[in-house]
Amino acid sequence: MTHSLSIHLRQCSRTFAGGVVALYPLDLDIVAGETLVLLGPSGCGKTTTLRIISGLESPDAGGEVWFGDRDVTALPIEQRNVGMVFQNYALFPNMNVAENVAYGLRVQGIPKSDIRARVDEMLTMVDLLPLATRPVQALSGGQKQRVSLARALAARPKVLLFDEPLAALDVKLRDRLREDIGHLLRKLGMTAVYVTHDQQEAMALGDRIAVLERGRIAQIATPQAIYQHPATRFVADFVGAINCISAAQPGSPARYCRPEDIRLSEVTTGQRSGRIVGMQFLGASQRLLIDIGMDKPVQVECSARERWQPGQQVGMLINDDVLMNF
Ligand code: ATP
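The rules behind these values
- Residues numbered from 1 in each chain as written.
- Predicted model: local features only at pLDDT ≥ 70, side-chain atom pairs only at ≥ 80, totals over all residues.
- Heavy atoms only, no water.
- Near = heavy atom within 4 Å.
- Polar contact = N/O pair within 3.5 Å; in protein donor to acceptor, adjacent residues only side chain to side chain.
- Areas by Shrake-Rupley, 256 points an atom, 1.4 Å probe, with all protein chains shown as cover.
- Helix = DSSP H or I, 4+ residues; strand = E, 2+ residues; numbered from the N terminus.
- Nonpolar A, V, L, I, M, F, W, Y, C, P; charged D, E, K, R; others polar.
- Contact = heavy atoms within 4.5 Å.
- Domains from an automatic or database assignment.
- Buried area = accessible area lost by both parts, 1.4 Å probe.
- Salt bridge = Lys/Arg side-chain N within 4 Å of Asp/Glu carboxyl O.
- Pairing = 2+ DSSP bridges.
- Axes fitted to C-alpha atoms, helices over the stretch in contact; angles between N-to-C directions.
- Buried < 20%, exposed > 50% of the residue type's maximum accessible area, 1.4 Å probe, protein only.

Below, the discussion takes up the site of the ligand. Around the ligand sit Phe16, Val20, Ala22, Pro41, Ser42, Gly43, Cys44, Gly45, Lys46, Thr47 and Thr48, and that is every residue in its neighbourhood. Take Ser42: an N or O atom from its side chain is 2.6 Å from an oxygen atom of the ligand. Contact with the protein chains hides 58% of the accessible area of the ligand, taken as 640 Å² for the molecule alone. Examining the composition of the shell around the ligand, we find that 3 residues originate from one element, helix α1 (residues 46–54), more than from any other. For the shell around the ligand, the per-class residue count stands at 5 nonpolar, 5 polar and 1 charged.

Okay, structure coming up:
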């Protein structure tokens, strides 16, 4: 267990040549030991934020990066004691698994016997000890990503940074490695910043999620709060599907709900109702499209065992507590 460190960004902005603003002045406080996920669509500034934390990128003049009570703004990545895991693994192709994990330790001049013990410990942690002498080219994507994780952890960093580490893997492997990373992060209690554009990954791994929109934080909160009480329509829409069930009127906002928050019933009087105009069987669940006279049909997600017919008129029960107003 490493002693964990808080991270603080103060007025960190970044404008690239040609006037592209990747980040507007950003204040961000990452609690020691938490996993903070940076979530958002392509180009919103996630990677730039991560690179500023790592030292691979500098903020524009005036921005500051603090690790605990230490100002690290001027320090290059080698002096910040961060471990990084990238989407493309960034392994040395001509080295085997153990040599990849040992590389950083050798550069630091750590004694050989200590290196061997540390490498064994790291490979055990990521379940790769039996493959220690295998060339990394002969590994699957998931195994390669475990090697990069072991390598990042070997130097006993104070902070772990992940940039879309699962993006190149197929779905099954991604789920499994996501669980493993989550387990490891909880076990180690290290401060971690994790970049992804995948909302499920964000929910599964984040103690908190910062949703970025065009270079600004739209909301930062727990996964539950982000999903159930999104601050803006953009956040609501990005982290899950939303239905507009009543349009904005002068003086009152539009009302939205999620597909799983609607219960269908036989039509009775005095409730919302509509006609089924589309059905999609998804295995465990089904997604129905209901025309209620709005611009777009409402999506309803319910058990695949419920029997409804295309064209059928149905009632819709929506608990007022779950409605979102924007
Ligand atoms: P993605 O998920 O696609 O990686 P992102 O949210 O990580 O996106 P960034 O990589 O931080 O976004 O990029 C933010 C903006 O800054 C984008 O418009 C991008 O084109 C621009 N940008 C990033 N790096 C540079 C650079 N070195 N030079 C010029 N523009 C850049």
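Relative to the helices and strands, Thr35 is located in strand β3 (residues 35–39). When residues no more than four places from it in sequence are discounted, the contact partners of Thr35 are Leu185, Ala192, Tyr194, Leu205, Gly206, Asp207 and Arg208.

Looking at the assigned domains, one finds that the protein contains domain 1 (7–235) and domain 2 (245–325). Distance from the C-alpha centre of domain 1 to the C-alpha centre of domain 2: 39 Å. Contacts between the two partners involve 4 residues from domain 1 and, on the opposite side, 4 residues from domain 2. In this assembly, domain 1 packs against domain 2 so that about 380 Å² is buried in total across both faces, 48% of it on carbon and sulfur atoms. The largest share of the area that domain 1 buries against domain 2 comes from Tyr227, Pro230 and Arg233, three residues that together contribute 86% of it. Viewed at the interface, domain 2 and domain 1 are joined by 0 salt bridges.

You can see Gly45 is positioned in the loop between β3 and α1. Sequence spacing of Gly45 and Asp295 is 250 residues, and the spatial spacing of their C-alpha atoms is 32 Å. Filtering out sequence-adjacent residues up to four positions away, Gly45 remains in contact with Ala22, Leu23 and Leu212.

Turning our attention to the sheet that holds strand β14 (residues 272–281). Here we have 5 strands laid out as an open sheet, ordered β13-β17-β14-β15-β16, and antiparallel in their pairing. Only two strands of the sheet have a single partner each, and these edge strands are β13 (262–266) and β16 (298–303). Ignoring strand direction, the axes of neighbouring strands in this sheet form an average angle of 50°. By the bridge criterion, 6 bridges tie β14 to strand β15 (residues 285–291) in an arrangement that is antiparallel. The residue of β15 that forms the bridge with Gly278 is Leu289.

What follows concerns the pairing of strand β10 (residues 216–221). Judged from the 5 bridges that link them, strand β9 (residues 208–213) and β10 form a sheet pairing that is antiparallel. Residue pairing for β10: Val211 is matched across the bridge by Gln219. Between the end of β9 and the start of β10, which pair antiparallel, lie 2 residues, with Arg214 showing a positive phi angle near 45°.

Let us look at the pattern of salt bridges. Applying the stated criterion across every chain yields a total of 10 salt bridges. Put simply, Arg14 and Glu57 hold a salt bridge, and the shortest N to O gap is 3.1 Å. With Arg14 in strand β1 (residues 7–16) and Glu57 in the loop between α1 and β4 (64–67), the pair connects residues that are 43 residues apart, well separated along the chain. Glu57 carries the same exposure label as Arg14, and that label is buried. The partner of Asp180 in a salt bridge is Arg146, with the nearest N and O atoms 3.0 Å apart. One end of the pair, Asp180, is in helix α5 (residues 171–188); the other, Arg146, is in helix α4 (residues 141–154), and 34 residues separate them in sequence. Residue Arg146 is classed as buried on the basis of its relative accessible area of 10%. In this structure, a network of salt bridges that share partners links the residues Arg14, Arg51, Glu57 and Asp60.

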